[in-house]
Amino acid sequence: MIGCDCDTCRSTDPRDKRRRPSVYLETDDARAILVDAGPDFRAQALTHKLRRIDALLFTHGHSDHILGIDELRRFNVLQRGPISCYADPLTLFDIRRMFAYVFDPSTPRGGGLPQLELFTIAGPFCVGRQEVVPVPLVHGTRPILGFRFDGFAYLTDCSGIPEGSWDLLHDLDVLVLDALRDKPHPTHFSIAEAVDAARRINAHRTYFTHMTHDLPHERTCARLPDTMALSHDGLVLEL
Ligand SMILES: [Zn+2]
Ligand SMILES: [Zn+2]
Ligand SMILES: [Zn+2]
């Protein structure tokens, strides 16, 4: 956190250095799927040497998940075409509003604008051969989306899982789930709430994400159930 001297912020453990939440998937048929592009997207793309995005999925339109959109220009150049973006209607509305200059035909083109092709998510869809199942979640009062890819589910920014969504979460190998801090919060699961939800979902392995500096990596992992841990930047999973 900016201007903070707490143990987590001063930690020398690289797992305590956290950029905004996002995941990048490489599928069996060599497609690349990015979920969310926040304000750290450029630094993340450089660190992890991203070269391609076949589909960009947005969970919701909060700034920590969409502010990297302008950086997609480089991928337009590399791929010689627009980037396919998928989101629910409310999120597409937020993207069009927050990036109005991208969609305004009177914006001078000279400086370079990200080229996006927007698709509305209305149910499960495919990227290449990879099926993507949207999982409705509640983020405070706002309905947002998590995503399931076969045995992997990514559920960030949630304070509740609607009744109809539990059935979409059976038989997971890996679950990534929001867990902000210990103290309850109106729009995110606390650790206790996330552990309860993770127990009910019962994935083989659960990683928490979107933590604040209230949760130092090592000490927090030590008090979690055996099948659960905090995720960290650069975590790579093979499924
Ligand atoms: Zn701190
Ligand atoms: Zn959010
Ligand atoms: Zn967020």
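Above this text is the structure in question.
Presented here is an overview of the structure given in this document.

## Examining the overall build of the protein chain
Each helix and strand in the protein chain was counted, giving eight helices and twelve strands. Relative to the globule expectation of 18 Å for 239 residues, the C-alpha radius of gyration of the protein chain, 18 Å, shows essentially globular dimensions. When burial is assessed residue by residue, the protein chain has 52% of its 239 residues classed as buried. The averaged location of the 33 negative side-chain charges in the protein chain is 6 Å from the averaged location of its 27 positive side-chain charges.

## Considering the coordination of the zinc ion (ligand 2)
Taken together, His-60 (NE2), His-62 (ND1), His-139 (NE2) and Asp-157 (OD) make up the protein donors of the zinc ion (ligand 2), found 2.2 to 2.4 Å from the metal. Relative to the metal, the four donor atoms surrounding the zinc ion (ligand 2) lie at angles of 89 to 175°, and the coordination shape comes out irregular. Within one chain, the residues serving as donors to the zinc ion (ligand 2) are arranged as H-x1-H-x76-H-x17-D. Separating the zinc ion (ligand 2) from the zinc ion (ligand 3) is a gap of 3.5 Å, bridged by Asp-157, which donates to each. Taken together, the residues span a long stretch of sequence, with His-60 in the loop between strand S3 (55-57) and helix H3 (63-66) and Asp-157 in the loop between strand S9 (152-155) and strand S10 (174-178) at a distance of 97 residues. Taken as a pair, His-60 and Asp-157 share a single burial class, namely buried.

## Let's talk about the coordination of the zinc ion (ligand 1)
Binding of the zinc ion (ligand 1) to the protein goes through Cys-4 (SG), Cys-6 (SG), Cys-9 (SG) and His-213 (ND1), at separations of 2.0 to 2.3 Å. Taken together, the four donor atoms coordinating the zinc ion (ligand 1) span angles of 105 to 115° at the metal, a pattern that classifies the geometry as tetrahedral. Here the donor residues of the zinc ion (ligand 1) are spaced in sequence according to C-x1-C-x2-C-x203-H. Remark: His-213 occurs in the loop between strand S11 (205-209) and helix H8 (217-222) and Cys-4 occurs in the segment before helix H1 (7-10); sequence separation between them is 209 residues.

## A word on helix H7 (residues 191-201)
Among all positions of H7, only Ile-191, Ala-194, Val-195, Ala-197, Ala-198 and Ile-201 are buried. One face of H7 carries all of its buried residues, which in axial projection span an arc of 165°. Turned more than 90 degrees away from the buried face of H7 sit Asp-196 and Arg-199, all of them exposed. On its buried face, H7 is in contact with S9, S10, S11, H8 and strand S12 (228-230).

Conventions and cut-offs
- Residues numbered from 1 in each chain as written.
- Chains lettered and ligands numbered in written order.
- Predicted model: local features only at pLDDT ≥ 70, side-chain atom pairs only at ≥ 80, totals over all residues.
- Heavy atoms only, no water.
- Helix = DSSP H or I, 4+ residues; strand = E, 2+ residues; numbered from the N terminus.
- Rg over C-alpha atoms; globule rule 2.2 N^0.38 Å.
- Buried < 20%, exposed > 50% of the residue type's maximum accessible area, 1.4 Å probe, protein only.
- Lys, Arg positive; Asp, Glu negative; His and termini not counted.
- Charge placed at Lys NZ, Arg CZ, Asp CG, Glu CD.
- Donors = N, O, S within 2.8 Å, 3.2 Å for Na, K, Ca; no water.
- Tetrahedral: all angles 85-135°; square planar, octahedral: opposite > 155°, others 65-115°.
- Arc of directions from axis to C-beta.
- Contact = heavy atoms within 4.5 Å.

Take it as geometry only, folks, not as evidence of what the structure does.
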